[in-house]
Amino acid sequence: MDTQELNNIKREEAAKKSARKGKRLMWLSRTPSYVFVGIWSLFTVFVILWVGLSSLKSNMQIFKEPWMLPTELHFENFVKAWSVMRFSNYFLNSTLVVLISVVLILVVSAPASYVLSRLKFRGRTLISMIYTAGMGIPYPLLFIPLFVIMASLKLIDNLVGLTIVYVSLSIPFTVYILTGFFSSLPSELEEAAIIDGCKDYQVFTKIMLPLASPGLITAAIFNFIGLWNEYQLALVFINSDENRTISLGLYSLANSMQYTGDWAGLFAGIVIIMVPTIILYIFLSEKMIAGITMGASK
Amino acid sequence: MKRLRMLILLVIALSLTLAACQPAAEEPEAPAAGEEQIVLEYWSMWNPSEPAALAIQKWIDAFEAENPNITINATWNGRENQTKLRSALAGGTKVDFMDQDADQITGGLQKEGMGYPLNEFLTQQALDEDISIADTFTPGTLELHKDGDTYYQFPYMNNTWQFWANGDILAEAGVTAHPQTWDEFLAMAEQIKDAGYNVFAAEGNEFSYNFAYFTYLVERMEGPGVLLAAAADKTGESWNDPVFLKSAQMITDLWDAGYFPPETVGYVWPAGQMTLATGDATMELCGSWLPNELRGTAGEDFNWVGLKFPGVEGGKGDVDHLTEWLISFMIMKDTEYAEEIFEFFKFTQTKENAQMMAIDAIIGVTRKGVTWPELLKDGEEAAANAKLALKPYDGIQALYPEYQEIVLAPAFNDLWVTTITPEEFVERMATESKAFWDTH
Amino acid sequence: MKARKGLIILFLLPASLLYGIFFLLPAIQAFRYSLYNWSGFGDSKVFIGLQNYVELVNDKVFWLSLRNTMMILVVGGIIVFTLAFIMTVALNSGIKGKKLFRAMIFLPNVIATIALTTLWAYIYNPSFGIIVNFAKAFGLEKLSNYIWTSPDNVFWSVLIAIIWMNVGYYLILLMAGVDKIPKEFYEAAEIEGANKVQTFFKVTVPLIWDVLTIAVVLYSIGALKIFEFPYAFYGISVPQQLYTVGIYLYIMGFGKRYPIYRLGYATAIGVMLLLSVIIVVLILRKLMKRDILEY
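Residues numbered from 1 in each chain as written. Chains lettered and ligands numbered in written order. Predicted model: local features only at pLDDT ≥ 70, side-chain atom pairs only at ≥ 80, totals over all residues. Heavy atoms only, no water.

Q: Even after reading the chapter, I still don't get the overall build of chain A, so can you show me in this structure?
A: Summing up its helical and strand segments, chain A has 14 helices and 0 strands in all. Starting at the N terminus and ending at the C terminus, chain A contains elements arranged as α-α-α-α-α-α-α-α-α-α-α-α-α-α. By the burial criterion, 59% of the 298 residues in chain A qualify as buried. Of the contacts made within chain A by residues no fewer than 6 positions apart, 71% connect residues no fewer than 24 positions apart. As displayed, chain A offers around 12400 Å² of accessible surface, 67% of which is attributable to carbon and sulfur atoms. (Helix = DSSP H or I, 4+ residues; strand = E, 2+ residues; numbered from the N terminus. Buried < 20%, exposed > 50% of the residue type's maximum accessible area, 1.4 Å probe, protein only. Contact = heavy atoms within 4.5 Å. Areas by Shrake-Rupley, 256 points an atom, 1.4 Å probe, with all protein chains shown as cover.)

Q: Explain the domain arrangement of chain B here, please?
A: Quoted interface sizes are often the accessible area lost when the parts come together. Residues and elements named next belong to chain B. As assigned here, chain B comprises domain 1 (39-160 + 324-392) and domain 2 (162-323 + 393-439). Each of domain 1 and domain 2 has a C-alpha centre, and these two points are 28 Å apart. Summing both sides of the interface, domain 1 and domain 2 together bury roughly 2400 Å²; the carbon and sulfur share of this comes to 59%. Of all residues in domain 1, the largest losses of buried area upon contact with domain 2 belong to T160, L375 and L390, amounting jointly to 25% of the total for that side. Viewed at the interface, domain 2 and domain 1 are joined by 2 salt bridges. In this structure, K308 engages E381 in a salt bridge whose closest nitrogen and oxygen atoms are separated by 3.3 Å. Linking domain 1 to domain 2 there are 15 residue pairs in polar contact (both at pLDDT 80 or more). Among the secondary structure elements, those contributing two or more residues to the side of domain 1 that touches domain 2 are helix 4 (102-110), strand 4 (153-160), strand 9 (321-331), helix 15 (377-384) and strand 10 (388-390). The element that contributes the greatest number of residues to the side of domain 1 that touches domain 2 is helix 15, accounting for 6 residues. (Domains from an automatic or database assignment. Buried area = accessible area lost by both parts, 1.4 Å probe. Salt bridge = Lys/Arg side-chain N within 4 Å of Asp/Glu carboxyl O. Polar contact = N/O pair within 3.5 Å; in protein donor to acceptor, adjacent residues only side chain to side chain.)

Q: Please explain the confidence of the model for chain A as it appears in this structure.
A: The predicted coordinates ought not to be read in detail in places where the model reports low pLDDT. Of all residues in chain A, 88% have pLDDT values of 70 or greater, and the mean over the chain is 85. No element of chain A has a lower mean pLDDT than helix 1 (residues 3-54) of chain A, which averages 73, and none a higher one than helix 4 (residues 87-118) of chain A, which averages 95. (pLDDT = per-residue confidence, 0-100.)

Q: Explain the interface of chain C and chain B to me, please; I cannot follow it from the model alone.
A: On the side of chain B, 45 residues touch chain C, which itself brings 44 residues to the contact. Interface area for chain C against chain B, summed over the two sides, is near 3800 Å², with a carbon-plus-sulfur share of 61%. When the buried area of chain C at its contact with chain B is split by residue, C:F41, C:Y258 and C:P259 rank highest and sum to 18% of it. Remark: the boundary between chain C and chain B carries 2 salt bridges. Note that C:K60 is salt-bridged to B:E432, the shortest N-O span being 3.2 Å. Summed over the shared surface of chain C and chain B, the result is 16 residue pairs in polar contact (both at pLDDT 80 or more). When contributions to the side of chain C that touches chain B are tallied by element, the ones reaching two or more residues are helix 1 (5-33), helix 3 (60-91) and helix 13 (245-254) of chain C.

Q: What is the right way to read the domain arrangement of chain A from this model?
A: Residue and element names in this part refer to chain A. With domains assigned, chain A is organised as domain 1 (3-54) and domain 2 (76-296). Across the contact, 5 residues belong to domain 1 and 5 residues belong to domain 2. On the domain 1 side of the contact with domain 2, I48, V51 and S54 bury the most area, a combined 79% of that side's loss. Where domain 1 meets domain 2, there are 0 salt bridges. Taken together, the connections running from domain 1 to domain 2 amount to 0 residue pairs in polar contact (both at pLDDT 80 or more).

Q: Got a minute to help me understand the nonpolar core in this structure?
A: Looking at soluble globular proteins, one finds that nonpolar side chains tend to be buried together. B:W46 and B:F214 are the most contacted members of the largest nonpolar core, which totals 368 residues. Aside from chain neighbours lying at most four places away, what touches B:W46 is A:Y259, B:A52, B:A53, B:I56, B:W76, B:N77, B:G78, B:R79, B:D99, B:Y156, B:M157 and B:I327. (Core = buried A, V, L, I, M, F, W, Y, C linked by side-chain atoms within 4.5 Å.)

Q: Explain the packing of aromatic side chains to me, please; I cannot follow it from the model alone.
A: Any two aromatic rings considered together are summarised by their centre-to-centre distance and by the angle between their planes. What the rule picks out here adds up to 118 aromatic pairs over all chains. Ring plane angle 90 degrees and centroid distance 5.5 Å describe the contact between A:W50 and A:F267, whose orientation is recorded as edge-to-face. You can see A:W50 sitting in helix 1 and its partner A:F267 sitting in helix 14 (residues 263-296), a full 217 residues away along the chain. Each member of the pair, A:W50 as well as A:F267, carries the same accessibility label: buried. Ring centres 6.4 Å apart and planes at 25 degrees place the aromatic pair B:F211 and B:Y393 in the stacked group. With B:F211 in helix 8 (residues 207-222) and B:Y393 in the loop between strand 10 and helix 16 (396-399), this pair connects stretches of sequence that are 182 residues apart. Each member of the pair, B:F211 as well as B:Y393, carries the same accessibility label: buried. The ring of C:W38 has C:K45 lying over it, and the distance from NZ or CZ to the ring centre is 4.7 Å. (Phe/Tyr/Trp six-rings, centres within 6.5 Å; stacked < 30°, edge-to-face > 60°. Lys NZ or Arg CZ within 6 Å of the ring centre and 35° of its normal.)

Q: I would appreciate a short explanation of helix 6 (residues 143-152) of chain A in the present structure.
A: Of all the 10 residues making up helix 6 of chain A, 8 are buried; the element is thus mostly covered by neighbouring parts of the structure. Taken together, the buried positions of helix 6 of chain A are occupied by A:F143, A:I144, A:P145, A:L146, A:F147, A:I149, A:M150 and A:A151. In this fold, the buried residues of helix 6 of chain A make contact with helix 7 (159-184) and helix 11 (232-237) of chain A, helix 3 (81-90) of chain B together with helix 1, helix 13 and helix 14 (263-288) of chain C. Backbone geometry just after helix 6 of chain A places A:K154 at a positive phi near 55 degrees.

Q: Any chance you could explain the packing of helix 9 (residues 183-191) of chain C against helix 10 (residues 196-207) of chain C here in plain terms?
A: Any two packed helices are characterised by the angle at which their axes cross and by the distance between the axes. Residues and elements named next belong to chain C. Contact geometry of helix 9 with helix 10 gives a least axis separation of 10 Å together with a crossing angle of 155 degrees. By the criterion of interaxial angle, the relationship of helix 9 to helix 10 is roughly antiparallel. The interaxial crossing formed by helix 9 with helix 10 has right-handed handedness. Side by side, helix 9 and helix 10 meet where F185, Y186 and A189 of the first sit next to T199, V203, T204 and L207 of the second. (Axes fitted to C-alpha atoms, helices over the stretch in contact; angles between N-to-C directions. Parallel < 35°, antiparallel > 145°, perpendicular 65-115°, else oblique. Left-handed = near helix turned anticlockwise from the far one by under 90°.)

Q: I would appreciate a short explanation of the interface of chain A and chain C in the present structure.
A: In this assembly, 95 residues from chain A lie in contact with 90 residues from chain C. With both chains or domains summed, chain A and chain C bury close to 8500 Å², and 76% of this area falls on carbon and sulfur atoms. Per-residue buried area on chain A facing chain C is highest for A:W40, A:W67 and A:L141; these three make up 8% of the total on that side. Between chain A and chain C we count 0 salt bridges in total. At the boundary of chain A and chain C, one finds 12 residue pairs in polar contact (both at pLDDT 80 or more). For the side of chain A that touches chain C, the element with the highest residue contribution is helix 1 of chain A, accounting for 20 residues.

Q: Looking at this structure, I do not really get the side chain of A:S240. What am I missing?
A: Its place among the elements puts A:S240 in the loop between helix 11 and helix 12 (246-255). Since its relative accessible area comes to 12%, A:S240 is described here as buried. A polar contact of 3.0 Å, which involves the side chain of A:S240, links it to the side chain of A:D157. Sequence-distant contacts of A:S240, that is, excluding residues within four places in its chain, are made with A:D157 and B:T75.

Q: Explain the packing of helix 2 (residues 51-66) of chain B against helix 13 (residues 338-348) of chain B here, please?
A: Residue and element names in this part refer to chain B. Contact geometry of helix 2 with helix 13 gives a least axis separation of 10 Å together with a crossing angle of 120 degrees. Our classification of the angle between helix 2 and helix 13 gives oblique. The element helix 2 and its partner helix 13 pack so that their crossing is right-handed. In contact with W59, I60, A62, F63 and E66 of helix 2, helix 13 contributes E340, E343, F344, F347 and T348. For the contact of helix 2 with helix 13, the per-class residue count stands at 6 nonpolar, 1 polar and 3 charged. (Nonpolar A, V, L, I, M, F, W, Y, C, P; charged D, E, K, R; others polar.)

Q: What should I look at first to understand the sheet that holds strand 5 (residues 162-166) of chain B in this one?
A: Adjacent strands of a sheet form backbone hydrogen bonds with each other and so pair up, either parallel or antiparallel. Residues and elements named next belong to chain B. The strand order across the open sheet formed by 4 strands is 6-7-5-8, and the pairing between neighbours is mixed. Strand pairing shows two members of the sheet lacking a second neighbour, strand 6 (198-200) and strand 8 (304-307), which therefore form its edges. Sheet twist, expressed as the average angle between the axes of neighbouring strands with direction ignored, equals 20 degrees. Pairing between strand 5 and strand 8: 4 bridges, direction antiparallel. Along strand 8, the bridge assignment pairs F163 with L307. Contacts from helix 7 (residues 182-194) reach strand 5, strand 6, strand 7 (281-286) and strand 8, with the element oriented near 150 degrees to strand 6. (Pairing = 2+ DSSP bridges.)

Q: Before we go on, may I ask you to explain the confidence of the model for chain B in this structure?
A: Looking at chain B, pLDDT values average 92 and 92% of them are 70 or higher. Predicted confidence for residues 1-32 of chain B stays below pLDDT 50, and this span has 23 contacts to residues more than four positions away or in other chains.

Q: Any chance you could explain helix 5 (residues 113-124) of chain C here in plain terms?
A: Counting along an α-helix, one turn takes 3.6 residues, and residues three or four places apart therefore face a common direction. Residues and elements named next belong to chain C. Here helix 5 is 12 residues long and its end C-alpha atoms lie 16 Å apart, about the 16 Å a rise of 1.5 Å per residue gives. Of all 12 residues in helix 5, 11 are buried, a share of seventy percent or more. Among all positions of helix 5, only T113, I114, A115, L116, T117, T118, L119, W120, Y122, I123 and Y124 are buried. (Expected span 1.5 Å × (residues − 1).)

Q: I would appreciate a short explanation of the pattern of salt bridges in the present structure.
A: Side chains that differ in charge, positive against negative, can pair when their charged atoms come close. Applying the stated criterion across every chain, the model contains 22 salt bridges over all chains. A salt bridge links B:E219 to B:R220, with the shortest nitrogen-to-oxygen separation between them at 2.9 Å. Of the residues examined, B:E219 reaches a relative accessible area of 4% and is grouped as buried. Of the residues examined, B:R220 reaches a relative accessible area of 0% and is grouped as buried. The partner of B:E222 in a salt bridge is B:K316, with the nearest N and O atoms 3.2 Å apart. Separated by 94 residues along the polypeptide, B:E222 in helix 8 and B:K316 in the loop between strand 8 and strand 9 bring together distant segments of the chain. One continuous salt-bridge network, built from bridges that share partners, spans B:D414, B:R428, B:E432 and C:K60.

In structure tokens, the structure reads:
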């Protein structure tokens, strides 16, 4: 009997043993797991429900009975947030800016990531490092100098300007994620493609891009969530009401509590801003996670 | 390849075209034929749907109707208005006038010399009365934030700092007269406590609210400017003045007497003030925006009473010295239309227009003789009878904001929740003030 | 693979142009501001060389905010990854609804911070908070008297909330790595007689070392730059107990509520922040460098 066989037998025995033991101990051994992740998950769900229920309460009930169910449903909080506080407008602006930004981010970052992860040329490491460095730069540093640049381009208080800022500032993180995906793809594919007569750019468009699509989806979702909730840059670059994004609207709403005290309205605003990301997440979380799985193990 | 090239071209084309069509969108409306149309850019600290913004928009609409050659273009930036203005100025954006909390303007644009002096304008006659515009203001409000002899700010809102109290609890506890002295005040606190209520509502770590106790106490004993002078003292020795120890001690005594419920140390705004709204606590020292802020929670029939901060026996201050948190307009130095803007200011300061603001935004105003909303009636009375207007934080926030944030606030926060004794507080202020000024 | 220069340039150009013009250029310009005494208003700029940095080194508050940031980085990091690992093991122990649990644990990451800060303020509220109510209901006097948001405790309470938010994110990264480990490795470990703990340290951790490295680097960058949550948590003004470097930068340069306008100094803080990111990342790379195990 050589080692190989011995190992196989050992393995089978072990498997049988563990199956027996497993059945017996299954519930016992899994209970702590269930309890642990169960409590944690329940807590999160509770959080979402609490925010949702609070948005249907009156101001008085929010503070007097924060942990009770709403005694009557105040849908007018939503009407107020949606029309009086003009969240409908903001919602539209955000949808437009964020969707276009996400597409553009991928359009510019994917080719760059491909080149940086799969092609060999002088200066590649340096360029990669410069891109990565962007992740460490705190945004407040950029407020004034970037404002001057945008002002000279006449792109202040303008959704196009905000889109350009969003795209540019999202590049480092996106490139970081996408290079991970591209380098996890097997190199045989490219070689085979070249042998088959593919031109170099076709290798990217026809082979690498489709293969990296889980990565693109992941990057898209991360960017969507991030930009949807982004308000600091919007605060700097947007002035007029008609150009506000929804997170900026929410931020202003929270900031005006000292004069208005309308907490019910604030909660309604929070729910309005939360819904799209949660829906998106419910539908796409598996794809996003699948994408991470692929890229993370480069 | 085609697809890719298309994509890249698309990006470049998109950025270019979008950049190119931009200026068109920003061009001002065509001037009316024959007459030169003046467009005034106004940047505001209000958010577009806030009652104050809506009231200002009413002012603007009415003013434009009377002055068809003037258009006021309001940009509702929200609270970070002045900070946004800084970036905008760096980027060459033209703004004609703005508004912000008076303190912030004093420490910001005014300090930077970016305001337009109003002295000459202020001698003009008011639009609705035979007095100068300067005389339309409630006592002290116009002068409060002047720079030397120069006026840069035109305050249009007034938030008075008082104890905002639940009148029903006061009545139930048998408090009949408003306390005028500290001893009367302590007696009142005892009465309320005996009636089974928490006396004071406060946040645990909210320096911007809690420090008003200290500012008022120092003022009541030694008059205004003493605290500011101590803050400015580079040696830090002024903090050894007994008035500071005494004031700190008086605050600690309130805690020791149990007038603040022990949970107070953990209240994160707005948790503390909500105990006032829900009827668990009796009063809070705060600006007069508080009754309106709590209206939704406390209910419309809440009986609001505004108590003046009591005097201290034998002190230089007075129960009628009132801290007033103003909100001001300011004309930007570089505007071409200072006169037109001031016409607008004058317009907002008529009784009728100020009255509209007071009612619509449920807020105090600076125009004399205007009736404030019912829940702020004690604020109106206090402002009208103020013998002296006091700056919030004795002016420290405007002149030495960094000192306040770095040295004063942390030390006071510790004193507030009684983690340090009054002696330790004064000692720490003396040493840390010196250390701060050594490096600044 | 060999490729044409033209292709490389063409592919890199759009991203590099945008990144260069709208991110790097202003960042470099900002660094120049750190050599000036400047409020940010008008032309009041005065060149002072490295004085801002000298001041910064002697600035107690800067060190305090750096210490807080490091606490979030180190203490928070250790707890986040420990919890993420425990959950990875728990979710891989063959329980039902693994994907659902995983998705729910990640959920806080998609919610606007302001919603989360408001919620946690309610959870911790000393009079009607959920913890207090819970403790009272079960007669846990010590717990019900504990004031989570008092100045002494508020940093740790906020850290707990930050950990809660982050665990899901890193759980997903780690699980992604673990899911790729071939089953045979575990079987082999069992044959060798390894227990669960040994298997975890001898098999799982080494095999996902590269994923772990990425995750730790990402967490570190996020922790060093942290701003939003502690800033929004405390109502109106931020107490020093919650200062992070990012918050200190913002307060010095942009004085939200107070007219502190020291743009030059704030920029110097930003440069230090970037430096600390670089240093931490380099240290982590060095510490975590190992031969990647291929399988």
